[in-house]
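Structure assessment
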Amino acid sequence: MKIYKTRDYDGMSSKAAMIISAQVILKGNSVLGLATGSSPIGVYRRLIEGYAGGDLDFSGVTTVNLDEYRGLTPENEQSYRYFMNTQLFGHINIKPENTHVPNGIVQDAELECTRYEDLIRKLGGIDLQLLGLGNNGHIGFNEPGAAFIPDTHCVDLTESTINANKRFFETADQVPRQAFTMGIKTILQARRIVMIVSGEGKAGIVKEAFFGPITPNVPASILQLHNDVHLVGDEAALSLL
Ligand code: F6R
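Quantities reported herein were computed from a predicted structural model and do not represent experimental measurements. Residue numbers restart at each chain and count upward from 1, following the sequence in its written direction. Reporting of local features is limited, given that this is a predicted model, to residues whose pLDDT is at least 70; pairs of side-chain atoms are given and counted only at 80 or more, and all residues count toward the totals for whole chains, interfaces and linings. With hydrogens and water excluded, all non-hydrogen atoms of the structure serve as input to the side-chain values.

Quick look at the nonpolar core
- One finds Ile139, Met195 and Leu223 to be the most contacted residues of the largest nonpolar core, which totals 30 residues.
- Here this core gets 4 residues from one element, more than from any other, and that element is helix 7 (residues 203-211).
- Beyond its immediate sequence surroundings of up to four residues, Met195 is in contact with Leu131, Gly132, Leu133, Ile139, Phe210, Ala220, Leu223, His230, Leu231 and Val232.
- Counting residues in hydrophobic clusters, the runner-up holds 26 residues, among them Met12, Tyr44, Leu128 and Leu130. To form a nonpolar core, buried Ala, Val, Leu, Ile, Met, Phe, Trp, Tyr and Cys residues must be joined to one another through side-chain atoms within 4.5 Å. The buried label goes to any residue with under 20% of its type's maximum accessible area, the exposed label to any with over 50%, and the partly exposed label to all in between, with areas taken from a 1.4 Å probe on protein chains only. Per the convention used, a helix needs a DSSP run of H or I reaching at least four residues, while a strand needs a run of E reaching at least two, with both numbered from the N terminus. Two residues qualify as a contact provided that any one of their heavy atoms is within 4.5 Å of a heavy atom in the partner residue.

Details of the packing of helix 1 (residues 9-26) against helix 2 (residues 41-52)
- Convention adopted: a line fitted to C-alpha atoms gives each axis, helices being fitted over their contacting stretch, and angles between N-to-C directions are expressed from 0 to 180 degrees. Two elements in contact, helix 1 and helix 2, have axes whose closest approach is 8 Å; the angle formed by their N-to-C orientations is 55 degrees. If you check the angle between helix 1 and helix 2, you find them oblique. Read as a crossing pair, helix 1 and helix 2 show a hand that is right-handed. Facing helix 1, whose interface residues are Tyr9, Asp10, Ser13, Ser14, Ala16, Ala17, Ile20 and Ser21, helix 2 presents Ile41, Gly42, Val43, Arg46 and Leu47.
- Ten residues, namely Ala, Val, Leu, Ile, Met, Phe, Trp, Tyr, Cys and Pro, are considered nonpolar, four, namely Asp, Glu, Lys and Arg, are considered charged, and the remaining ones, Gly among them, are considered polar. When grouped by side-chain class, the residues that make up the contact of helix 1 with helix 2 number 7 nonpolar, 4 polar and 2 charged. Angular relationships are summarised with four words: roughly parallel below 35 degrees, roughly antiparallel beyond 145, roughly perpendicular across 65 to 115, and oblique for the angles in between. When the near helix sits turned anticlockwise from the far one by under a right angle, the crossing is termed left-handed; a clockwise turn instead gives a right-handed crossing.

Some details on the pattern of salt bridges
- Between Lys or Arg on one side and Asp or Glu on the other, a salt bridge is scored when a side-chain nitrogen of the former is within 4 Å of a carboxyl oxygen of the latter. On inspection of all chains with the given rule, the structure shows 6 salt bridges.
- Between Arg121 and Asp118 there is a salt bridge, with the nearest N and O atoms lying 3.1 Å from each other. A residue pair is termed a helical-turn pair when its members lie 3 or 4 positions apart in one helix, as Arg121 and Asp118 do in helix 4 (residues 109-122) at 3 residues.
- Taking the relative accessible area as the measure of exposure, Arg121 reaches 56% and is therefore exposed.
- A salt bridge links Arg191 to Asp127; its shortest N-O distance comes to 3.0 Å. Of this pair, Arg191 sits in the loop between helix 6 (184-188) and strand 9 (192-197) while Asp127 sits in the loop between helix 4 and strand 6 (128-131); the two residues are 64 residues apart in sequence, bridging distant segments of the chain.
- Taking relative accessible area as the criterion, Arg191 reaches 42% and is therefore assigned partly exposed.
- Salt bridges sharing partners connect three or more residues here, namely Lys27, Asp127 and Arg191.

With respect to the pairing of strand 3 (residues 62-65)
- Of the two faces of strand 3, the one holding Thr62 and Val64 and the one holding Thr63 and Asn65 are both buried throughout.
- Should DSSP find at least two bridges between two strands, the strands are taken to pair. Here 4 bridges tie strand 2 (residues 31-34) to strand 3, and the two strands are oriented parallel to one another. Within the sheet, the bridge partner assigned to Leu32 lies in strand 3 and is Thr63.
- With 2 bridges connecting them, strand 3 and strand 5 (residues 99-100) associate as parallel partners. Counted as the bridge partner of Thr63 is Thr99 from strand 5.

What about the packing of aromatic side chains?
- Between rings of Phe, Tyr and Trp, where Trp is taken as its six-membered ring, a pair exists when centres lie within 6.5 Å; planes separated by under 30 degrees are stacked, by over 60 edge-to-face, and by other angles tilted. Evaluated as defined, the whole model comprises 4 aromatic pairs.
- Summarising the aromatic geometry, the rings of Tyr80 and Phe141 are spaced 6.0 Å apart at their centres and angled 10 degrees between planes, so their arrangement reads as stacked. Linking Tyr80 in helix 3 (residues 80-87) with Phe141 in the loop between strand 6 and strand 7 (153-156), this pair joins segments that are 61 residues apart in sequence.
- Ring-pair connections join several aromatic residues into one group, and the members of that group are Tyr69, Tyr80, Phe141 and Phe169.

Next comes the structure, spelled out in structure tokens:
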């Protein structure tokens, strides 16, 4: 694992954006795995600047997002599809048909999971997966539990995640109780992983995830087994390492 310590959120964002930019420059038809949440917003801003400045071309890039709430339409402002369109896709020259997010409003959850897993396989797998880290150690929506779940699946969100994410909704009641997420194997099969962490609130879980035991109680701990992980964090988030 490579660890990059930056002064603050902006530094984290620009460092991670540089790694992603290098990927896109070196392989124009990269498959990027993307995340939502607070952590990647600055990264996406930098990628948009790179595109606007003429340094980055996304016309050959394909993206697959980690997760999506179950029950939210793409037009819903809290859906991850909406987030991606507004925070990144709408501002760069990626082809809309090359952007993929699990479909939150399908009837048949199992079918959607199989479709998404097949899609990633048909794309040839993920070249670079961007990850944030949940306060409880989750990656995507792989929540702490008794076992690592390998493939894309539909999960019941934990109280901790509902609480952490209610800041994006008017009330906690509005936070969906289920979500689709890539599985642990799907994520681990990405050829490169870039995890971004910011703020002292993440310091404890960063230490547990990367220097504690590998356990499904801390889903991110499985990343210790991946051979190309880049952990990019600000001083506060990396303060306990
Ligand atoms: C979102 C996702 C989640 C977040 C995690 C951290 O697509 O996969 O695992 O990365 O909850 O969220 P933030 O960045 O808001 O702290």
